[in-house]
Amino acid sequence: MEKEIYNLIKELKIEVSEEELENLENFVKDLNDYLKPLNSLTKKIAENKEAQDQLIISIYDYFNPSEN
């Protein structure tokens, strides 16, 4: 993903400093690390109908607290 962002910046001829580019690369790496557990959880939920139902109920309850 870092390479794609770098190539996009280069293609769009956006001028960025080395520090900005490094900060962006670090952000993308951190984001990837953060999303790995979410991806794993999503796969587990996709394989489990009961978990899907509970997730839907939890989301509904979160956005409709007055109805509980």
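Everything in this summary refers to the structure shown in the same document. (Residues numbered from 1 in each chain as written. Predicted model: local features only at pLDDT ≥ 70, side-chain atom pairs only at ≥ 80, totals over all residues. Heavy atoms only, no water.)

With respect to the pattern of salt bridges
Counting across every chain of the model gives two salt bridges. In this structure, Lys 49 engages Asp 53 in a salt bridge whose closest nitrogen and oxygen atoms are separated by 2.9 Å. You can see Lys 49 and its partner Asp 53 sitting in helix H3 (residues 49-63), four residues apart, about one turn around the helix. (Salt bridge = Lys/Arg side-chain N within 4 Å of Asp/Glu carboxyl O. Helix = DSSP H or I, 4+ residues; strand = E, 2+ residues; numbered from the N terminus.)

A word on the environment of Glu 11
You can see Glu 11 is positioned in helix H1 (residues 2-11). Overall, Glu 11 belongs to the exposed group, its relative accessible area being 63%. Taking the C-alpha atoms as reference, Glu 11 lies 29 Å from Lys 36; in sequence the two are 25 residues apart. (Buried < 20%, exposed > 50% of the residue type's maximum accessible area, 1.4 Å probe, protein only.)

Focus on helix H2 (residues 18-46)
Note: α-helices contain 3.6 residues per turn, so residues at a spacing of three or four share the same orientation. Helix length check: H2 (29 residues) gives 41 Å between terminal C-alpha atoms against 42 Å at 1.5 Å per residue, within 8%. Considering bend angle alone, the principal kink of H2 is centred on Leu 35 and spans about 30 degrees; proline Pro 37 follows within four residues of it. (Expected span 1.5 Å × (residues − 1). Bend = angle between axes of the 7 residues up to and from the residue.)

Details of a nonpolar patch on the surface
A surface patch of nonpolar side chains, about 610 Å² in accessible area, is lined by Phe 27, Leu 31, Tyr 34, Leu 35, Leu 38 and Leu 41. Relative to the helices and strands, Leu 35 is located in helix H2. With relative accessibility at 36%, the residue Leu 35 sits in the partly exposed group. (Patch = residues over 30% accessible without salt bridge, like charges linked within 9 Å, V, L, I, M, F, W, Y side chains within 5 Å. Areas by Shrake-Rupley, 256 points an atom, 1.4 Å probe, with all protein chains shown as cover.)

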